[in-house]
Amino acid sequence: MSELLRFHNVSAGYGDSIVLENVSISLETGGSLALLGRNGVGKTTLIMTLMGLTKLHSGEVFWQGKNISSTSTYKRSLAGLGWVPQERHMFPSLTVEEHLTVVARPGKWDLQKIYGIFPRLKERRANMGNQLSGGEQQMVAIARALMTNPSLLLLDEPMEGLAPIIVQDLMQIIKGLVTDEGLAVIIVEQHARLALALTKNMIALDRGKVIYESESASLLADSALLNRLVSVS
Ligand SMILES: Nc1ncnc2c1ncn2[C@@H]1O[C@H](COP(=O)(O)OP(=O)(O)OP(=O)(O)O)[C@@H](O)[C@H]1O
């Protein structure tokens, strides 16, 4: 497998304040990574840094072997980074289908394929953005990122605030994206066990630094360590 993404000694933050300190991570094509840690340790900041939305103080970000440290967010998106932000960003004046078609780029993901894995969105395709449940909004947010035909999907707390039955649906869908579609995924999730069940590898952050990394399955088997790293499961 070839390298898809690499952070090399990245320190980044907002203005003068540094949140991430000397973070190095890498991900292979089709790989999957859970990003764990307590509230406020820098998980979202890492995703935002990958999208070029923070101030990079030092270090480099490589994408498919190219240094993209000073590449714009828009160009990163064009290059295959698919971001599903925590806030979901629904537009009340657009239908579900418009949310999807407005960002569409050529590739294997089109409306037909999206509706195949999200039948609920097909049923709701004429609903406006503000006429959707939280779970449906999250599905639109993921589907919209897929419509850009990304090589990597960045999921920031996708299960937040969702009913358990919807969480189960989303787990199946995300698992399918990784195992059946070969899509690379980075997932930030407060429910650490869910994120570990979906991924091959994990890293834990504390105060902006990587404090632990391993295969997800081995951490899942060590509850005491997992609790120490994230204090929630
Ligand atoms: N836009 C911003 N401007 C300044 N500081 C910020 C900004 N966003 C986040 N921070 C700070 O960066 C630090 C890390 O926040 P971040 O949101 O990356 O953590 P997190 O691990 O994702 O936490 P959570 O699970 O609560 O979302 C926090 O101290 C936070 O206050």
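Source: prediction; values computed, not measured.

Trainee: Would you mind showing me how to read the site of the ligand here?
Mentor: The environment of the ligand is made up of Tyr14, Val19, Gly37, Asn39, Gly40, Val41, Gly42, Lys43, Thr44 and Thr45. For the shell around the ligand, the element with the most residues is helix α1 (residues 43–50), which contributes three residues. Grouping the amino acids of the shell around the ligand by side-chain chemistry returns three nonpolar, six polar and one charged.

Trainee: So what exactly am I meant to see when it comes to the environment of Arg144 here?
Mentor: Here Arg144 shows up in helix α6 (residues 134–147). Look at Arg144 and you get buried, because 23 C-beta atoms sit within 10 Å. For the pair Arg144 and Thr101, spaced 43 residues apart in the sequence, the C-alpha separation amounts to 8.1 Å. Excluding its chain neighbours within four sequence positions, the residues that come into contact with Arg144 are His99, Leu100 and Val103.

Trainee: Looking at this structure, how should I read the pairing of strand β7 (residues 152–156)?
Mentor: The two faces of the sheet receive side chains in turn, since in a regular strand these alternate between them. With five of its five residues buried, β7 lies for the most part within the structure. Of the pairings in the sheet, the one linking β7 to strand β8 (residues 184–188) comprises five bridges and is parallel in character. Counted as the bridge partner of Leu152 is Ala184 from β8. At this point the chain moves from β7, through helix α7 (residues 164–179), to the parallel β8, and the crossover so formed is right-handed.

Trainee: Before we go on, may I ask you to explain the sheet that holds strand β1 (residues 3–14) in this structure?
Mentor: Hydrogen bonding along the main chain pairs the strands of a sheet, whether they run parallel or antiparallel. Taking strand neighbours across the sheet as the criterion, the four strands line up as β2-β1-β4-β5 in an open arrangement whose pairing is antiparallel. At either end of the open sheet lies a strand with only one pairing partner, and these are β2 (17–28) and β5 (66–67). As paired strands, strand β4 (residues 55–63) and β5 are joined by two bridges and run antiparallel to one another. Among the inter-strand pairings, Phe62 is bridged to a residue of β5, identified as Asn67.

Trainee: Sorry, what's going on with the domain arrangement of the protein here?
Mentor: Often the size quoted for an interface is simply the accessible area lost on bringing the parts together. You can read the domains of the protein as domain 1 (3–80 + 151–230) and domain 2 (87–150). Taking the mean C-alpha position of each, domain 1 and domain 2 sit 23 Å from one another. Taken together, the contact pairs 13 residues of domain 1 with eight residues of domain 2. Those elements that provide at least two residues to the side of domain 1 that touches domain 2 are β7 and α7. Of all the elements, α7 adds the most residues to the side of domain 1 that touches domain 2, at four residues. Here the side of domain 1 that touches domain 2 is composed, by residue class, of eight nonpolar, five polar and no charged.

Calculation notes
Each chain carries its own residue numbering, running from 1 in the direction its sequence is written. Local features in this predicted model are restricted to residues whose pLDDT is 70 or higher, and side-chain atom pairs enter the listing and the counts only when it is 80 or higher, whereas totals over whole chains, interfaces and linings include all residues. Near, as applied to residues and a molecule or strand, means the residue's backbone-placed C-beta atom lies within 6 Å of it. A run of H or I in DSSP counts as a helix once it spans at least four residues, and a run of E counts as a strand once it spans at least two, with each numbered from the N terminus. Here the term charged refers only to Asp, Glu, Lys and Arg, the term nonpolar to Ala, Val, Leu, Ile, Met, Phe, Trp, Tyr, Cys and Pro, and the term polar to all other amino acids, Gly among them. Here a residue counts as buried when 20 or more other C-beta atoms fall within 10 Å of its C-beta, as exposed when 12 or fewer do, and as partly exposed in between; the C-beta atoms come from the backbone. Remark: residues whose backbone-derived C-beta atoms lie within 7 Å of one another are considered to be in contact. Only when DSSP finds a minimum of two bridges between them are two strands counted as paired. The path from the first strand over the helix to the second decides the hand: if it runs clockwise while the strands point away from the viewer, the crossover is right-handed. Bear in mind that the domain bounds are from an automatic or database domain assignment.

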